[in-house]
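# Working through the structure, step by step
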Amino acid sequence: MTRILAVLAALVIAAAALAGWFFFWPAKLIQVQPSPNQPTGPALIARGAYLTTAADCESCHTAPGGKPFAGGRAFKLPFGTIYSSNITPDADTGIGKWSDAEFVRALHQGIGRAGEDLYPALPYTSYALLATDDVLAIRAYLATLRPVAQQPPANTLGFPFNQRFVLRAWKLLFMPTQPWQPSPERDAQWNKGAYLVEALAHCGECHTPRNVMFAMKRSEKFAGAIVDGYKAYNITPDAETGIGRWPDAEISAYLATGHAPGHGGASGGMAEAIKFSLGRLPQEDIAAITAYLKTVPPQRSTLSPAADPHPVTLASAGPWSPGPDGGADPIGLRIFASACASCHGWDGSGRQTGNASLRGARSVNDVGGANVIRTVLQGVAVTSPTGAMPAFAAAYTDDEIAAVANYVIGHFGGKSGRVTAKDVKAARN
Ligand code: HEC
Ligand code: HEC
Ligand code: HEC
């Protein structure tokens, strides 16, 4: 009974929010002006190029194998697929005809040119924190790109998710209404890091857990979340489940290259963020991000496992031999020996390249194996030019991938893996 009442109350609140939002909806375009500090000419374009990289617009707005910024990348949601837009300056299929005010409105309020509400797959809950000058600089840079005439495929969302106006109530509840405000008590490096993490690089969009309404939980900021099936781990300074024990140099190395000694390599969305964005940023930006992350409130996470760099299973392993635990899982062991050991070795240090080291990696310490399964299925193409990992989805059955996943969790993490063929099947879809 109380549950029914709670649901009714929630519906009434939602309806009221919806009505309120319609009344206050800023249908009128807000005219925008650059501030007197905004650079002009080539300096403006250079600033815009830098900001476009830091905000990682390219990775979402480029289809696999497609032309940069021409859109068409698919985002699969539980209720259908949406496609990113063409943001090259093509007049008909891109944003060539958009005014500056329309562009700022899209990033700050999530509203398209015709006034339609955009899906938060465009991370405007973070971009709303961008300074207007910076949005205008991004716009100026995008206008210098070569126009590409390419219409992205139509979205396939079913009712009611194809009713864009429903997003208005959501935005009323969950959108920041002010750009990011620097904190006068903190130094310039901290403020730079905060702006990068919160607004531009939108780390929280992947690393902050979401509530039932799919909004980021402010009280659990950066505590870790699931993105495309991968665990985007806890990045708060919690010692066990977060990055509290990582020295600054390790955090910076991981963010700039996807690798740090004693930790696994970056795969999934993190590998992409590094390829298109973080890996292209100047060293002082990486240092600022690192400094800021060290100051966010620590959160203990149930999603992120603690990582043990010295499991007993590795104590007697050598680069060429698994040592006595080798017999634990014959199928997993056999697959690892034939398909994986040539790159990864047996002692966790990574045989061909330190980039393939697995000792201390969060992924192999997670008994559910979310990231191990996906890395084996999809490979890692992007962060390691010197030693990428091939995809094994076509090479092995679900049972075999479950066996090898449990083997690496057992051998490199020293834990009993619980990966089943069903988990692998689910990850394939
Ligand atoms: C995480 C993925 C992601 C990132 C990062 C991203 N976008 Fe998008 N963007 C999308 C998707 C998906 C859409 C389509 C949304 C819809 O149809 O409602 C979109 C839509 C847009 C639109 C509306 C275009 C139109 O024709 O209606 C603009 C403008 C835009 N993005 C610009 C940017 C810029 C500039 C950046 C970087 C500052 C950026 N986006 C970063 C995913 C992303
Ligand atoms: C051609 C070399 C190569 C082969 C073969 C290979 N890997 Fe990898 N693997 C790598 C490299 C390099 C990385 C680090 C990738 C990166 O992040 O840049 C990696 C990463 C990983 C990770 C860490 C992912 C994470 O998120 O921490 C796991 C687990 C893994 N491999 C398991 C396997 C298994 C199991 C096999 C065999 C089925 C295998 N690998 C075969 C090179 C290889
Ligand atoms: C598109 C989603 C996405 C974005 C954006 C993103 N991350 Fe990640 N991040 C991930 C995923 C997924 C992993 C796990 C990678 C793995 O297992 O290989 C990860 C891993 C990490 C790790 C390693 C944690 C560990 O314990 O091994 C750090 C540190 C990190 N991210 C920091 C950041 C920071 C800082 C930002 C913003 C500047 C950021 N990430 C933006 C998805 C993302």
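About the thresholds
Residues numbered from 1 in each chain as written. Chains lettered and ligands numbered in written order. Predicted model: local features only at pLDDT ≥ 70, side-chain atom pairs only at ≥ 80, totals over all residues. Heavy atoms only, no water. Salt bridge = Lys/Arg side-chain N within 4 Å of Asp/Glu carboxyl O. Helix = DSSP H or I, 4+ residues; strand = E, 2+ residues; numbered from the N terminus. Buried < 20%, exposed > 50% of the residue type's maximum accessible area, 1.4 Å probe, protein only. Near = heavy atom within 4 Å. Polar contact = N/O pair within 3.5 Å; in protein donor to acceptor, adjacent residues only side chain to side chain. Nonpolar A, V, L, I, M, F, W, Y, C, P; charged D, E, K, R; others polar. UniProt positions renumbered as here; feature names shortened; annotations may be inferred. Contact = heavy atoms within 4.5 Å. Donors = N, O, S within 2.8 Å, 3.2 Å for Na, K, Ca; no water. Tetrahedral: all angles 85-135°; square planar, octahedral: opposite > 155°, others 65-115°. Patch = residues over 30% accessible without salt bridge, like charges linked within 9 Å, V, L, I, M, F, W, Y side chains within 5 Å. Areas by Shrake-Rupley, 256 points an atom, 1.4 Å probe, with all protein chains shown as cover.

## Re the pattern of salt bridges
- Applying the stated rule across the entire model yields 17 salt bridges.
- Between R168 and D117 there is a salt bridge, with its nearest N and O atoms 2.9 Å apart. Of this pair, R168 sits in helix α7 (residues 166-174) while D117 sits in the loop between α4 (100-109) and α5 (124-127), and the two are 51 residues apart along the sequence. Assigned by exposure class, R168 and D117 land together as buried.
- Of the charged contacts in the structure, one is a salt bridge between E220 and K217, with a shortest N-O distance of 3.8 Å.
- Each of D117, R168 and K171 takes part in a single network of salt bridges with overlapping partners.

## Some details on the site of ligand 3
- With respect to spatial proximity, 22 residues lie near ligand 3, and among them C203, C206, H207, M270 and N371 are the closest.
- Within the backbone of S267, a nitrogen or oxygen atom sits 2.7 Å from an oxygen atom of ligand 3.
- Between ligand 3 and R362, the relevant distance is 2.9 Å, taken from an oxygen atom to a side-chain nitrogen or oxygen of the residue.
- At the level of elements, α9 (204-207), β4 (230-232), α10 (248-257), α11 (268-276) and α12 (283-293) are the ones that each hand at least two residues to the shell around ligand 3.
- Here the shell around ligand 3 gets 3 residues from one element, more than from any other, and that element is β4.
- Grouping the constituent residues of the shell around ligand 3 by class yields 15 nonpolar, 5 polar and 2 charged.

## Some points on the UniProt feature "domain: Cytochrome c" (unreviewed entry) in the protein
- UniProt feature "domain: Cytochrome c" (unreviewed entry): in the numbering of this structure it lies at residues 43-146, 188-297 and 327-412.
- End-to-end, the C-alpha atoms of residues 43-146 are 19 Å apart, and along that stretch the chain is 39% helix and 8% strand.
- Taken end to end, residues 188-297 has its terminal C-alpha atoms 20 Å apart, with 43% of it in helix and 5% in strand.

## Some words on the environment of I82
- Relative to the elements of secondary structure, I82 occurs in strand β2 (residues 80-83).
- Residue classification places I82 among the buried residues on the basis of a relative accessible area of 5%.
- For the pair I82 and Y119, spaced 37 residues apart in the sequence, the C-alpha separation amounts to 8.6 Å.
- Not counting chain neighbours up to four residues away, the residues in contact with I82 comprise R73, A74, F75, L77, Y119, A121, N155 and L157.

## Some points on unusual backbone geometry
- A cis amide bond links F159 with the next residue in sequence, P160, at an omega value of 5°.
- Along the chain, the position of P160 falls in the loop between α6 (132-142) and α7.
- Of note, the phi angle at F214 is positive, near 70°, even though the residue is not glycine.
- Relative to the helices and strands, F214 is located in the loop between α9 and β3 (225-227).
- We classify F214 as exposed; its relative accessible area is 51%.

## What to know about the coordination of the iron atom of ligand 3
- For the iron atom of ligand 3, the protein coordination sphere consists of H207 (NE2) and M270 (SD), at 2.0 to 2.2 Å.
- Of note is the iron atom of ligand 3, whose 6 donor atoms meet at the metal with angles of 88 to 179° in an arrangement that counts as octahedral. With a gap of 63 residues between them, H207 in helix α9 and M270 in helix α11 connect regions that are remote in the sequence. Residue H207 shares its accessibility class with M270, and that shared class is buried.

## Here we look at a nonpolar patch on the surface
- A surface patch of nonpolar side chains, amounting to about 420 Å² of accessible area, comprises L172, L173, V212 and M213.
- Examined against the element boundaries, V212 turns out to sit in the loop between α9 and β3.
- Note on V212: relative accessible area 87%, which makes it exposed.

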